Structure formats: structure tokens, C-alpha cells
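# Understanding the architecture of this molecule
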Protein chains: 2
Amino acid sequence: MNEGANDALYKVRHSAAHLLAQAVGELYPGVKYAIGPPIEDGFYYDFDLPEPLGEGDFERIEAKMREFATQDLALERSELSREEAKVLLANLGQPYKVELIDDIPDEEAISFYRQGDWADLCRGPHVPSTGHLKHFKLLHTAGAYWRGSEKNKMLTRIYGTAWESQADLDDYLNRLEEAKKRDHRVLGRELGLFMFSQDVGAGLPLWLPKGAMLRDTLVDFMKNEQLKRGYLPVVTPHIGNKRLYMKSGHLKNYNTKIFPLMEGSEDETYVLKPMNCPHHIMIYANELRSYRDLPVRLAEFGTVYRYEQTGELTGMLRVRGFTHDDSHLFVTPEQLEDEFRYVIDLMLFTLKRLGLHDYRVRVGVRDPKDDKYIGSDENWEAAQRAIINSVESLGMDYEISVGDAAFYGPKLDLMVRDALRREWQMGTVQVDYNLPERFELEYVGEDGQRHRPIMIHRAPFGSLDRMIGLLVEHYAGAFPFWLAPQQVSLIPIADRHVGYAKEVQERLRVAGFRAATDGRNEKMGKRIREAEMQKVPVMLVMGDRDIENGTVSVRRRGEGDLGAKTVEEAIALFGEWRDAP
Amino acid sequence: MNEGANDALYKVRHSAAHLLAQAVGELYPGVKYAIGPPIEDGFYYDFDLPEPLGEGDFERIEAKMREFATQDLALERSELSREEAKVLLANLGQPYKVELIDDIPDEEAISFYRQGDWADLCRGPHVPSTGHLKHFKLLHTAGAYWRGSEKNKMLTRIYGTAWESQADLDDYLNRLEEAKKRDHRVLGRELGLFMFSQDVGAGLPLWLPKGAMLRDTLVDFMKNEQLKRGYLPVVTPHIGNKRLYMKSGHLKNYNTKIFPLMEGSEDETYVLKPMNCPHHIMIYANELRSYRDLPVRLAEFGTVYRYEQTGELTGMLRVRGFTHDDSHLFVTPEQLEDEFRYVIDLMLFTLKRLGLHDYRVRVGVRDPKDDKYIGSDENWEAAQRAIINSVESLGMDYEISVGDAAFYGPKLDLMVRDALRREWQMGTVQVDYNLPERFELEYVGEDGQRHRPIMIHRAPFGSLDRMIGLLVEHYAGAFPFWLAPQQVSLIPIADRHVGYAKEVQERLRVAGFRAATDGRNEKMGKRIREAEMQKVPVMLVMGDRDIENGTVSVRRRGEGDLGAKTVEEAIALFGEWRDAP
């Protein structure tokens, strides 16, 4: 939740959380309150309940909330001393709130907000009275540990949403409904994109033929674009000797995300790679580079493995194995700004091609008060200036996020909103002074001396797997023509037209289109419906007259029947659709 | 060594081994003899020597061999009883020979071959006299354990070659010399194809930009060909739960080749995959298949890892990580023969495209006397008949190798000879009844009943990495136009022509050709020489007149200067060269 962005909504959601807590207090006497913040699109409240509660209880809780709202109770702020507040909350049997008081900085007042005969320890701000809360809905429950720690008690979290108008609420609930339908896990199965197998392992996707085709299309797009832009492809193993990761620091700093080691004989312990950087560094360091060779842009579609908690795995959003469209650029300090701009240009080009037009730019810089950062002030200033200059020179809006830099350098994130206005963090560009230092990388400068290059890590898709998850939901599985795993379904009207369909299919294949013939002995209507269900963008129906005239009858998703075209005309049309921006 | 194929050469090499042993006996009194067989292109003899011997000693050993050859000593066969032979050899201080007698089957005679005052326990046959041995040469030494076991003493093995004529010997020595120059490990480094890194690990190649380009070209070729032939691409993780490999039997039967396990919490132990079959089986089993869906041909360029002994790793010939152009076909028994033929057709098409025209076909069938094979006699008969029928229907020669089948099914190997007439075992097709059984795979037949499919494993390249090793040596790094990582080098005569060169380069890129501009401030002759050293097949030189006329001056490797062409003409020409068979 971006607090500054929308104060009114913030207050509505914050107060709705109080309204929920008041209603729960009325219905479940003895409940202990934990915390209840506003969040993006809504709010939640965590309760330690005297009896279990489920979504079946929402109706009566909402009724009680509406009852208090109708009473239009004023929300009144009051202050107590730290000690008074603790005694009061202890007497009320609210141990979590007592604990929370200790978190409030000394210089801050201890404030309460009261509505009717109910009050909550709270910093505010809030709406003036409960009458302002008309457009809310409880959504679902979840378990949540007190203070997020497994060592503490599991509380019941109730999620809700609240808006300023009924129209906004309806719109949001529609989007939620739509999001459920678009769930990439459901569509991924229905469209035959990917599967999981317990015998392979949790969070390890197996890409089915249509999903593999989609991957290939994205990879080919990026490979082609990268070759055009002077990237050099490399291919590296999925494992590396433990030594490599001790040198890179990953074994120490990234240990919890690394799969259990493969421990062989002495000096023969292998790590399943969590990232591609150390391998690319070995390639950079394989020869002495001159400033004339830089920037060196090594690119790999590298599959990496991270040992995420099984409980945190969700579809393609959090997996244990995924493919990075990874590249590491080795640049001189003078090249940093231009190269950064060139990277952003590729990332924006990519988003445009993917039809993701709604995004914002976040520049993560260091927090000058924190001492976790390595490298000289001068380097940090130069790198942050290079990023900001490059963004500004492209005329882009951006926001600065202080403290969001990695310990080894500043970065830029692209936050993408999909068709349902949900935000996904996608591509990242990261400046790195640390790894070149650790691996003592060098190049010979124009002065004949050895210098240290700067590394840029970048991935326009980020994770290929996650990007496909996003695209599935963004398009609800109905991919644009160029991306669709199957672009064309050929539907011969009768058995005697199957041969002709196969001929047309082969001509389409040679022309570079992905087509398949559905020559099953089923009613044409059924076959058309199935192609629609599979979200195939184009259908070509063909019968006697088509064979005679060398034509096909073209139906395009969203446009309907476009009439008979010769095969040449159809191919030309497909070419336009494929290349359309 | 194929004994039957060339008896005369077999005898020459066998007798040359005796000649070597006689000479060593003369020069190193007290030497103990082990074994000395003829092998492909030569022979060796293993000695337990009283003092060390190196290649520096070859000259005087060869002189002694020639001395005995000039004496034209007759090789005379004689027989002894088993006991007499043992006593004689023990008295001569030849313990290895005494051991060897125990290996000779009871029904076989114990024979010796004598030449002058030297004799060897030997089955023969041999040339009539040492005068027939004129064209031989000792090559190198190696350590070899007695009976190949590390538990026994390390002996000194001397390798040599012997031929029927001086011309044959010279030709062979030239080929050896040429092979050294073509060594893919040396050329791989010189041409910037791949590297190894101790910090990544032995036997784990890192593919440099030009090598990655070569891989991409091969992969694109195969992907395209496979799509045309109805294969379905899939992508699977590089690890799998231990359960998967217990079910497949690999953990038991293939244990020594598997990397150390990644042992996580209970039920969370992972295996770095040594092959792709179990993953593809999970995909097949993900839905109920009908006979109408079969054959299902799942294809993946799957990188697999095998924990070979570090001592056995050699360049790309024996690595620990490599990429299979792997596919698993699930077929009905009725489809087996047709599908097998279709696979062979793809393999031959592939070899032709790669310019490998010299190969032989070996069909591995079961040894009826051995009981290691699983599955019914009926299935074995049907599968072996299907393989042989499909080979014969393609009009191909083949040889049957009894006992060369895997325990789970018969197979076909393609043995490829490269330009230096060395044989490489490349593609394999393998019929498998075992894995469908273990994983209880099914399809619904035309009769509505569940049936078990048969699997075919196949890989036309075999290992992509090994295939590139072979191609580097076959072509001595000078790849045909379609395969060359860099196809065209653009050489602007002077600085002022660099802009034009870059324009032409971009037009070539758009047309699908891999070109780079060498605009360095170096003499043109030097830049041309370097492009030649890098085996770039085409150079385009350009100056003032070319800019004026929109032309380039084309030089093709092996053809020299082809004169000025317009860029369109050059592109058309390149298209012809690329598509040329």
C-alpha cells in the first residue's frame, strides 16, 4: 500500500479493519486482538479467537459491521501514558496489544481510537465516523503467526476489501472473480501448458508441448533481439564446484536458497546453481580483455534452482526451478550510463512486444544511514547518477526507493500492471561492484594499465516461467497471434477434405506458422468450439469449394468470419498479424 | 579389430606384436610378458619390465625388431600339454603366461609360436616368417593394469602400428599427424568454441559464444526437422525426486554414474538427472492416452549429468554434463516397425546434412544363451524383426551383433567414420519394454481395453557436445557454410568504409546470416589472414567503389576471389550455400 498515494482510501480501509474488529469483539467475546492494517485493495485483521471461525461466518460478521456502520459512530482519538495504556490493555485481556506498545518509539504518543463502546490501540488516521464505511466485503481467512514467526501462536487472519463507492467495490469484486478464472494454474492445465509431478518434485514445472512452444517463442524473440544488440550467447552447466560459490559469496550469503550440496570426494562437492553469474564470470576471466572488447555482454537462458520453502510455492509465481533470460554485462565506468540506457531500452521494447503497457520504474538506491553497503561512496554516487541519468534521458517517470539497493550496488525494477491492474515485479537491472572485486576481474585500459570492470546483471523477462504465468493471466490464455502456441487450427468439413488440410498445414509450417489439423470424425461445430476453448486465435475451415479454388475460410478470434482467402492471402495476413505491434 | 574382415592385416599386426616382444626380451632380460593382441590400426604388448622404458627407447627397440625381421625367422607353431606348458613357463619366469593358460578352454589346444630362439604362448594365426614384417612403427606407451584391474600390478603397454605396405603405413602416420592437428580440444580453444574451468568442475564444458552459436544452429536444425515430423517439444527440470529414480531402476542399476545425491529433509532427496526418460514418462502418464493419440513423440534438448571417473574425462568425448537431443516415442506394437523406420530416416537425414557420409549400421540383438533379458520371447522376436525389417526396407546394409542388446530391448547403433576414417559411435535407437512396465504406462486401444505402449529412445546427434567434438575434427574446424558460427567476415579496406560494412552486416543479419565486421586499424592482409585462421568461410572486402556501386567483393574459402557482387546477389548466393546439401 502506497500510503501517500491515496489517503482517503487508506483511511476507509484502516477504519474498515476497526469495524471488523468491533463486530468480531461483539460476536466472539473474549477475542484477543493482534494487528489490523490496511493493505493494497483492502485490509485484514488478526485475531486470537475463543472458537474457530470460517468463511461461513462472514455473513453474520458483515451484518454486525453494517449495524455499527448504520449507527454512524464517531471515531474519536485519545491519548494515554505508556503505563496507563499497558495496565488498561492487560485488564482488558489483550496481551498482544500490550506487546505492541513496546514497539512504539519512545517519542511517539500512545493513541487509541474509540467508536461506540469499542476502542483500539492505533496510530490512525481514520474516517470521522463509521457511517463512512458502506462499501466493504470480507473475502477469506488465513492462518498467520503472531509477528510472522513459526515459534508463536497461529492466529486467524480475516481479509476484507473496502472502497469509497459501490461502483469501485463492484469493479474490484469483478476483477477478483476474473482473476480466479484467469488463474494461470487452472489455465495452465486447461490449455496444456505445464504440469507438476510429486515424483519430480514440488515447484519443479514440467513444460508440456504447448508450454514448451510458448517458451521457445519467447526465447527466440529475445535471442534475436539480443543478437541484434551485440549480446554474445553462452551455455554453462547447471552445477559448479563448491569453491566457485565460496569465492562468489553465495554459499555464505545465499545459503538458505541453495539445494542440499552434492558431496563427493574431497574437493569434489557440487552446487546446483542458484544463479548464472559465477559461470559467466569464469567465461569473462578466460581471456585478458581490452577496453576495446568492452562492453562484453554474455547472455544465457540459464535454468537455476532455489530451495524455496515448499509452503511458499505457488504455481509459476514461486517455483524451485526456473529459467532466467540472464545476461551479465562487463563495462568500463565510462560505459555504465550508456549501457544502462541500452538495457532499459531492450526491457521497454520487450514489455511493448508482450503487450504490457502499464508499468512504473523504481530506482533502488542505498540508505546513507545504513552501513551494510560495500564499495566507495564515489562509486555509489556514480552508479546511482548513471541509472537516474539514463532513466531521465529516456523521458521516463520513476520513483526513488531509498534502501532498496542491494548491498553491492543500486538497481532498477520494472513494476508491471496486468490487465486486472495487479502489480508484478518483473525485470530488474542491477549494478554490481562486488563480484568483479571478489573475482579480481580486469581489463587493460587505454592507458595500458589493469582496471576493474563493473558488472550489470539484467533479465528483461526476469524468470521465463513467471513471465508466462503473468502472460497467461494478463491474456486469460488468449495469447496474441505471435505468441499463441498453436496459431491456426485447420478444420476440414468432411473426411475427404483432410488431405487438403494437411497440405495447407505443411505450407503454413514452411512459412513459419504453428498450425494443426483437427480431422477428427466429430461435428464441425464441436471442433470449432474446442479450438475456441483452447484459445487458438485463427481457424481455417475448408470444404469442396476451397479445394477447387485453393482457398480457406478464415475465422479470427474476436473478429469472426473473414471469408474465403487463397492460401497465399492467408499467409500474408498471418504475417501481418504476427508482426503487428 | 574386425577379425574376419582382413585376415592378412590381422596376422601382420599379431606377428608384429610378437616381434616387439622378442626385441624387448633381448634388450630387457628378465622381462615378464603379459598379453599382446592386434587392435584396430595396430597392436600392443603389455610388459612387466625390470627397468622403466619410455618413448626415447623406441629407436633401439625398432632397430632390434628390424634386425629380427631381416633374419626372416620362420614362425612355427607347436603344442604342449597344459601341464608341460605351465611348467615350462614357470621355469622361464613367466607368471602372467601361467595364469593365462587357466583361461584357455579345456577343449582347446595349448599352442606356442616360435621365431628363432624366442617363443610365445599364442593361439595364432601369424605370418609365415618375420621377413613379412617391414612396415611397422612404435607409437607410444601407457600404463595398463594386469587384467585391467586396479588391484593388480601396473604394466607397461607399448602401442605400435603395422601395415602391409609402406604406402599404407605412411598414410596412417599422416592421418595420425592430421588427427593431432584436428584435436577438438586444441581447435576448440583456438576457435573460441568452449572452455573448461576447474572452479566449475572437470568434464563440465562452458560453451563460449561461437560454440553456443554452433549449438544453436544444430538445435534449430533438429527442432525444425522434428516439428516437421510430428515431434512434440517438452522442457523438464534437471533434477528429480529420488523416488522417481527408484521407480525407474536407475538408482539401482545406474548408481555409479549418478552424482552424489542432494539429501534434504525426509522425502526430499533429489537426483541430478542422468537421463531424461523418467521425466518424459511423467508427461506421458499425465493424461489417459488413446490409440488415436499414439505415437506420442516427446522431444527435449535435455542436459544430463553423469559422474564419470575424472581420469576418464577427455575433451568432448567423455564429459560429465552433456545435452542429449533426446526423444521418447510411445507407440503401439503395430506402430513399432513404421516408427522405427521413421526414426532411422531422420537419423540418416541428419548425418547427410552434417556431411557424415561414411557409416555402418549395427543391430544389437539378445544372446539366446544369456538369461539377463527381461520380457517375453514373443516381444523380443517382434522387436528384433521390426528393427531388421525397417533397416532392410530402407535398403541398408547392417550387421547383427548378438548379445549387444540392452537387457530391456534390442537396439540399432550408427557407427560413423570421420574424414580421418576413425569410427565414432553416434546415434542410437533403442526399443524398451522395461520402463513402460515399471511405470505401468497405458493407452486405450481400439478395443476399449488398456494396453501397454512400447517406448523407443532415440537421439540422432547422441550427445550434442560429442557431436560437435566429432564435427570439429571431421572438418578440422572449417565448418560448412550453414554450420559455421561466424559465416561472414566483413573487411572494410579503410576506416571510412566501416559504416558501409556495418550497414551490410545488418542486412545480412536480417537475412539470417551470422556476420561480423573487422574494422580494426590493422593491415587488410592481417585481417584476412586472421579470418582464415578462424576458418570463417566467407570474407567480404569493401572499399570506395563498393560504396558507390552497392557491392562487396566476395572471397570464399577454398574458391578464392569470386569478384564484386551486389549485396542482393551476395545474399542470394549465401542462401544457396546455406541450403546446399
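Residues numbered from 1 in each chain as written. Chains lettered and ligands numbered in written order. Predicted model: local features only at pLDDT ≥ 70, side-chain atom pairs only at ≥ 80, totals over all residues. Heavy atoms only, no water.

A tally of helices and strands in chain A yields 18 helices and 29 strands. Projected onto the principal axes, the alpha-carbon positions of chain A cover approximately 90 × 75 × 55 Å. Summed over its atoms, the accessible surface of chain A is roughly 25800 Å², and 47% of this surface lies on carbon and sulfur atoms. Between the centroid of the 76 positive side chains of chain A and the centroid of its 93 negative side chains there is a distance of 4 Å. (Helix = DSSP H or I, 4+ residues; strand = E, 2+ residues; numbered from the N terminus. Areas by Shrake-Rupley, 256 points an atom, 1.4 Å probe, with all protein chains shown as cover. Lys, Arg positive; Asp, Glu negative; His and termini not counted. Charge placed at Lys NZ, Arg CZ, Asp CG, Glu CD.)

Of the transformation superimposing chain A on chain B, the axial component is 0.1 Å and the angular component is 180°, with the fit at an RMSD of 0.2 Å. A rotation of that kind, with that shift, is consistent with a two-fold axis. Within chain A, A:Met262 has its C-alpha nearest the rotation axis, a separation of 2.6 Å. In this assembly, 98% of the residues forming the interface of chain A have copies in chain B that are likewise at the interface, indicating an isologous arrangement. (Least-squares fit on C-alpha atoms with pLDDT ≥ 70 in both. Contact = heavy atoms within 4.5 Å.)

This part covers the pattern of salt bridges. A complete count under the given rule lists 103 salt bridges over all chains for this structure. A:Arg360 serves as the salt-bridge partner of A:Glu423, at 2.6 Å between the closest nitrogen and oxygen. Pair noted here: A:Glu423 is in strand S21 (residues 423–432) and A:Arg360 is in strand S18 (residues 358–365), with a separation of 63 residues, a long-range link. The class of A:Glu423 is partly exposed, set by a relative accessible area of 26%. The shortest N-O distance in the salt bridge between A:Asp413 and A:Lys411 comes to 3.2 Å. Assessed through its relative accessible area of 14%, A:Lys411 is described here as buried. Residues participating in the shared-partner salt-bridge network are A:Asp199, B:Arg243, B:Lys247 and B:Asp267. (Salt bridge = Lys/Arg side-chain N within 4 Å of Asp/Glu carboxyl O. Buried < 20%, exposed > 50% of the residue type's maximum accessible area, 1.4 Å probe, protein only.)

Counting residues at the interface gives 56 residues for chain A, matched by 55 residues for chain B. Taken together, the links from chain A to chain B amount to eight salt bridges. Here A:Glu268 ties to B:Arg320 by a salt bridge, and the two come within 3.3 Å at their closest N and O atoms. Counting the contacts that link chain A with chain B gives 19 residue pairs in polar contact (both at pLDDT 80 or more). Top element by residues in the side of chain A that touches chain B is helix H7 (residues 209–228) of chain A. It accounts for nine residues. (Polar contact = N/O pair within 3.5 Å; in protein donor to acceptor, adjacent residues only side chain to side chain.)

Residue and element names in this part refer to chain B. The sheet built from three strands is open, its strands ordered S4-S5-S6 with antiparallel pairing. At either end of the open sheet lies a strand with only one pairing partner, and these are strand S4 (76–80) and strand S6 (118–121). Here the strands of the sheet are splayed against their neighbours by 30° on average, with no regard to which way each runs. (Pairing = 2+ DSSP bridges. Axes fitted to C-alpha atoms, helices over the stretch in contact; angles between N-to-C directions.)

Residue and element names in this part refer to chain B. Counting buried residues along strand S26 (residues 538–542), five of its five residues qualify, which places the element largely inside the surrounding structure. Side chains Val538, Leu540 and Met542 of S26 all project onto a buried face; the interleaved residues Met539 and Val541 project onto the opposite face, where all are buried too. Note that strand S24 (residues 488–492) and S26 share five bridges and pair parallel. If you follow Ser489 over to S26, its bridge partner there is Met539. Of the strand pairs in this sheet, S26 and strand S27 (residues 551–556) are connected by four bridges, and their pairing is antiparallel. Following the sheet pairing, Met539 is matched in S27 by Arg555.

This paragraph deals with the environment of A:Met426. Residues and elements named next belong to chain A. One can find Met426 in strand S21. Spatially, the C-alpha atoms of Met426 and Ala179 are 19 Å apart, while their sequence positions differ by 247 residues. Not counting residues up to four positions away in its chain, the partners in contact with Met426 are Leu414, Val416, Phe461, Arg466, Met467 and Leu470.

The next subject is the nonpolar core. If you look at the biggest cluster of nonpolar residues, it comprises 66 residues, and the most contacted ones within it are A:Ile239, A:Leu272, B:Ile239 and B:Leu272. For this core, the elements supplying multiple residues, two or more each, are helix H8 (242–248), strand S14 (269–272), helix H10 (277–284) and strand S16 (296–305) of chain A together with helix H8 (242–248), strand S14 (269–272), helix H10 (277–284) and strand S15 (296–305) of chain B. In this structure, B:Leu272 is in contact with A:Ile239, A:Met262, A:Leu272, B:His238, B:Ile239, B:Phe259, B:Met262 and B:Tyr305, ignoring residues within four places of it in sequence. (Core = buried A, V, L, I, M, F, W, Y, C linked by side-chain atoms within 4.5 Å.)

Turning our eyes to something else, we now look at the side chain of B:His497. Residue and element names in this part refer to chain B. Topologically, His497 is positioned in the loop between S24 and helix H15 (498–510). Engagement of the side chain of His497 in a polar contact is seen with the side chain of Asp544, the distance being 2.7 Å. Once you skip the residues sitting within four places of it in the chain, His497 turns out to touch Pro492, Met542, Gly543, Asp544 and Ile547.

Below, the discussion takes up the environment of B:Ala119. Residue and element names in this part refer to chain B. Considering the arrangement of structural elements, one finds Ala119 in strand S6. On the accessibility criterion, Ala119 (32% relative accessible area) is partly exposed. Separated by 44 residues in sequence, Ala119 and Leu75 place their C-alpha atoms 8.9 Å apart. When near neighbours in sequence (up to four residues on either side) are disregarded, Ala119 contacts Tyr113 and Arg114.

We now examine the domain arrangement of chain A. The domain architecture assigned to chain A consists of domain 1 (8–181), domain 2 (209–470) and domain 3 (488–579). For domain 1 of chain A and domain 3 of chain A, the distance between their C-alpha centres works out to 57 Å. (Domains from an automatic or database assignment.)

Attention now goes to the pairing of strand S19 (residues 411–417) of chain B. Each regular strand carries side chains that alternate between the two faces of the sheet. Residue and element names in this part refer to chain B. Of all the seven residues making up S19, six are buried; the element is thus mostly covered by neighbouring parts of the structure. Where strand S17 (residues 358–365) and S19 come together, seven bridges link them in antiparallel fashion. Residue pairing for S19: Asp358 is matched across the bridge by Arg417. Of the strand pairs in this sheet, S19 and strand S20 (residues 423–432) are connected by six bridges, and their pairing is antiparallel. For Met415, the partnering residue across the bridge sits in S20 and is Gln425.

All names here are of chain A. Taking 1.5 Å per residue as the helical rise, helix H11 (residues 336–353) with its 18 residues ought to reach 26 Å, and the 26 Å between its terminal C-alpha atoms agrees with that figure. Inspection of H11 places Leu336, Glu339, Phe340, Val343, Ile344, Leu346, Met347, Leu348, Thr350, Leu351 and Arg353 among the buried residues, and these make up the whole buried set. Note on H11: the residue one or two positions beyond its end, Gly355, has a positive phi of about 75°. (Expected span 1.5 Å × (residues − 1).)

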